[in-house]
Amino acid sequence: MIRKRKMLSALLALALLALSPASLLAQTQQQQGNIPAHPRDLKYTQLNYTPPKRDQYRHTLSNGAVVYLVEDHDLPLVNVSTLVRTGSYLDPAGKEGLAALTGSQIRTGGTASKTAEEFDEAADFLAANISNSIGATQGNANLNLLSKDVDQGLALYFDMLKNPRFQEDRIKLSKSQILQSMERRNDRTDAIEGREWSRLMYGANHFSTKETTKASVEGITREDMVAFHQRYYNPAGFIFAVSGDFNTKEMLAKLETAMKGWPVNKQAVPDVPKPTATPVAGVYVVNKPDVNQGRVSIGHTGGMRDNPDSYAIEIMNDILGGGGFTSRITSRVRSDEGLAYSAGSSYGLGVYYPGVFRAAFQSKNPTTSQAIDIIMEEINRLRTAKVSAEELETAKNSTIEFFPRIFATAAQIAGTFAQDEYTKRPADYWTTYRDRIRAVTTDDVQRVAQKYLQPDKLVVLVVGNIDEITKGNPDKPQHSLTKIAKDGQIRRIPLPDPLTMVYPTTP
């Protein structure tokens, strides 16, 4: 019996091997009589991919709300996402945190017909994942459940969106958790780095850098949340992305029914404000003596998404530090010198206001300055010498080959188009995207590097044990923070009180 089982196992293994992709490829090429001598000689047919068209999935409800519906019957699931035209930029002065707290309590605070506990129980009974949140410039509500329960799920979902209860005990609990989290603001170097980097880029008075305080959180009332919800949560501010196992005509009818009788507030939502501050170049440091590595951000103001040079900028950044192991920053800082586990760059192209160019890494204290110098060198090298044809092709091919993943699933198709609608991206953007990437030349890369990478405007932020970082590596004294600071001045940023966000006058 054992011997028979072993024989069957062996036969099964041979069968599976024969069906493997590698085996099938080998069989095909053997039949064709052209087995390559080396894997690099393998030939594959060119991938032809046509992106979906936005209009194919776009619908408008009778109340004006836009809906993107993408059917997918592979699994018995339905995903509903709602983009809400709101954001924390609408927080009133002194009530910082109102939008975020309102967003969480719309979900966790129950509804007019159900207590918070009853709503949770109803969602759990359906095994439905229901959430809601409000970010900097957008609100998001989501529903995921089995398609057989879609009617009950939609009833819960729209009850949440339309009739939040804002249950007092849940508000109190959430405030307590926020305050506990605020007390730990200065514990993590990544949190400090993110906060201070934003302040250096956009100034202390832009909404994106306005931090919640103990006073602002405690000053938020239930009435404030009710008013915020009533102002911004209505069909005029909704864009839906629905994907999964449903019939398009039937889903449109369900959405119409769900919002029947819901008044449309046509009052315009205020525009997202632009920053008024201009970054000041220099070296800035935040001292955290209890860590053995320095976190570093290097950069300056970026650009806008509608910049005609955006495609060349994307390829330029891919070569500089955005392309992972093939990029220059990663190759030199991580692979060649071993100074950091992760190092790279991004070039932000903003929708409402300019983004940020940022190169970042984390390195041991003695080698932090050396890694900064390397990044500075790579920025200058990209500006002064053309990239190689091989680098250009690698970056372009990577971007083009990644492109189909943007629309890999029904949820991604619906979500991408809904997001484009929300941010008013041109309808033909994805249709022409790859052609515009293919058109980028080595001359284009150098031109945009010279125009949009500005060494004289670089801001360098270092968070860590500044005494150790300043000492540097005695074996390589040519690398130092003092030398990096062209004026020889290192500006110290003190840690603020975590609850009041008041900064000491001296570091």
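Located above this text is the structure these notes cover.
Now for a quick tour of the structure. Because the structure is predicted, anything quoted here is derived from the model rather than measured.

Considering the overall build of the protein
In terms of helices and strands, the protein carries 19 helices and 14 strands. The dimensions of the protein, computed from C-alpha atoms along their principal axes, are 80 × 70 × 60 Å. By residue count, 46% of the 507 residues in the protein fall in the buried class. Within the protein, contacts between residues separated by at least 24 positions form 81% of all contacts whose residues are at least 6 apart in sequence. Put simply, the protein has 60 plus and 56 minus side-chain charges, and the middle of one group is 2 Å from the middle of the other.

A short note on helix 5 (residues 150-162)
Compared with an ideal rise of 1.5 Å per residue, which puts 13 residues at 18 Å, helix 5 spans 18 Å between its outermost C-alpha atoms and is within 8% of the ideal. By the burial criterion, the buried members of helix 5 are Val 150, Gly 153, Leu 154, Leu 156, Tyr 157, Phe 158, Asp 159, Met 160 and Leu 161.

Topic: the packing of aromatic side chains
One pass over the full model with this rule turns up 23 aromatic pairs. Aromatic pair Phe 238 and Trp 262: ring centres 5.5 Å apart, planes at 75°, arrangement edge-to-face. One end of the pair, Phe 238, is in strand 6 (residues 238-244); the other, Trp 262, is in the loop between helix 10 (248-258) and strand 7 (282-287), with 24 residues separating them in the sequence. Residue class for Phe 238 comes out buried when judged on its relative accessible area of 2%. Residue placement shows Arg 85 over the ring face of Tyr 422; its charged tip is 4.1 Å from the ring centre. Residue placement shows Arg 425 over the ring face of Tyr 429; its charged tip is 3.9 Å from the ring centre.

Concerning the side chain of Ser 327
Mapped onto the elements of the fold, Ser 327 is located in the loop between helix 11 (310-322) and helix 12 (328-336). Residue classification places Ser 327 among the buried residues on the basis of a relative accessible area of 1%. Here the side chain of Ser 327 touches Gly 324 through a polar contact of 2.7 Å, landing on its backbone oxygen. Excluding its chain neighbours within four sequence positions, the residues that come into contact with Ser 327 are Asp 318, Ile 319, Leu 320, Gly 321 and Gly 322.

Things to note about the packing of helix 14 (residues 389-402) against helix 16 (residues 429-438)
At a minimum axis separation of 9 Å, helix 14 and helix 16 run at an interaxial angle of 170°. Taken together, the axis directions place helix 14 and helix 16 in an arrangement best described as roughly antiparallel. Seen from helix 14, the contacting residues are Lys 396, Thr 399 and Ile 400; seen from helix 16, they are Tyr 433, Arg 434, Ile 437 and Arg 438. Classifying every residue of the contact of helix 14 with helix 16 by side-chain character gives 3 nonpolar, 1 polar and 3 charged.

Notes on the sheet that holds strand 2 (residues 66-71)
Spatially, 1-2-6-3-5-4 is the arrangement adopted by the 6 strands of the open sheet, whose pairing is mixed. Since the sheet does not close on itself, it has two edges, and those belong to strand 1 (58-60) and strand 4 (129-134), each with one partner. The average undirected angle you get between the axes of adjacent strands in this sheet is 15°. Strand contacts of helix 15 (residues 410-423): strand 1, strand 2, strand 3 (77-84) and strand 6, with the helix running at about 170° to strand 6, the strand carrying the most contacts.

A look at the environment of Lys 486
With respect to the secondary-structure elements, Lys 486 resides in the loop between helix 19 (481-484) and strand 14 (490-492). Spatially, the C-alpha atom of Lys 486 lies 40 Å from that of Leu 179, the residues being 307 residues apart in sequence.

Quick word on the sheet that holds strand 10 (residues 340-347)
Read from one edge of the open sheet, 6 strands run 10-12-8-13-7-14, paired in mixed fashion. Taken across any chain shown, the strands that pair with only one partner, and hence form the sheet edges, are strand 10 and strand 14. Across this sheet, the average inter-strand angle for adjacent strands is 20°, counted without regard to direction. Running at roughly 20° to strand 8 (residues 293-301), helix 7 (residues 189-202) makes contact with strand 7, strand 8, strand 12 (356-364) and strand 13 (459-464) of the sheet.

Observations concerning unusual backbone geometry
Non-glycine residue Lys 424 carries a positive phi angle of around 60°. Relative to the helices and strands, Lys 424 is located in the loop between helix 15 and helix 16. Given the relative accessible area of 64%, Lys 424 is considered exposed. Of note, Met 501 is a non-glycine position whose phi angle comes to about 60°, a positive value. Following the sequence through the fold, Met 501 ends up in the segment after strand 14.

A word on the pattern of salt bridges
Summed over the entire model, instances satisfying the criterion amount to 27 salt bridges. In this structure, Glu 196 and Arg 195 form a salt bridge, with 2.9 Å as the shortest nitrogen-oxygen distance. One exposure class covers both Glu 196 and Arg 195, and it is buried. Note that Arg 328 and Glu 391 form a salt bridge whose closest N and O atoms lie 2.8 Å from each other. Taken as a pair, Arg 328 in helix 12 and Glu 391 in helix 14 lie far apart in primary sequence, 63 residues in all. The class for Arg 328 is buried, based on a relative accessible area of 7%.

As for the nonpolar core
Judged by nonpolar contacts, the single largest core of 65 residues is most densely connected at Ile 298, Met 316, Val 333, Phe 361, Ile 372, Leu 453 and Val 462. When near neighbours in sequence (up to four residues on either side) are disregarded, Phe 361 contacts Gly 294, Arg 295, Val 296, Ile 298, Ala 340, Ser 342, Ala 343, Thr 368, Ala 371, Ile 372 and Ile 375.

Structural notes on the environment of Asn 397
Looking at the secondary structure, you find Asn 397 in helix 14. Judged by relative accessible area, Asn 397 falls into the partly exposed class, the value being 34%. When the C-alpha atoms of Asn 397 and Ile 437 are compared, they prove to be 9.0 Å apart, with 40 residues separating the residues in sequence.

Observations concerning the pairing of strand 12
Note that strand 8 and strand 12 share 9 bridges and pair antiparallel. Note that in strand 12 the partner of Gly 299 across the bridge is Arg 358. In the sheet, strand 10 pairs with strand 12 via 6 bridges, with the strands oriented antiparallel. Each residue of the ladder has a partner; that of Ser 345, found in strand 12, is Ala 359.

Side note on a nonpolar patch on the surface
On the surface, a nonpolar cluster with roughly 230 Å² of combined accessible area is contributed by Leu 75, Leu 77 and Leu 146. Relative to the elements of secondary structure, Leu 77 occurs in strand 3.

Examining the pairing of strand 13
Judged by how many residues are buried, strand 13 sits mostly within the fold: 6 of 6 residues are covered. For strand 8 and strand 13, the ladder comprises 5 bridges, and the chain directions are antiparallel. Its bridge partner being in strand 13, Arg 295 is matched across the sheet by Val 463.

Each value, and the rule that gives it
- Residues numbered from 1 in each chain as written.
- Predicted model: local features only at pLDDT ≥ 70, side-chain atom pairs only at ≥ 80, totals over all residues.
- Heavy atoms only, no water.
- Helix = DSSP H or I, 4+ residues; strand = E, 2+ residues; numbered from the N terminus.
- Buried < 20%, exposed > 50% of the residue type's maximum accessible area, 1.4 Å probe, protein only.
- Contact = heavy atoms within 4.5 Å.
- Lys, Arg positive; Asp, Glu negative; His and termini not counted.
- Charge placed at Lys NZ, Arg CZ, Asp CG, Glu CD.
- Expected span 1.5 Å × (residues − 1).
- Phe/Tyr/Trp six-rings, centres within 6.5 Å; stacked < 30°, edge-to-face > 60°.
- Lys NZ or Arg CZ within 6 Å of the ring centre and 35° of its normal.
- Polar contact = N/O pair within 3.5 Å; in protein donor to acceptor, adjacent residues only side chain to side chain.
- Axes fitted to C-alpha atoms, helices over the stretch in contact; angles between N-to-C directions.
- Parallel < 35°, antiparallel > 145°, perpendicular 65-115°, else oblique.
- Nonpolar A, V, L, I, M, F, W, Y, C, P; charged D, E, K, R; others polar.
- Pairing = 2+ DSSP bridges.
- Salt bridge = Lys/Arg side-chain N within 4 Å of Asp/Glu carboxyl O.
- Core = buried A, V, L, I, M, F, W, Y, C linked by side-chain atoms within 4.5 Å.
- Patch = residues over 30% accessible without salt bridge, like charges linked within 9 Å, V, L, I, M, F, W, Y side chains within 5 Å.
- Areas by Shrake-Rupley, 256 points an atom, 1.4 Å probe, with all protein chains shown as cover.

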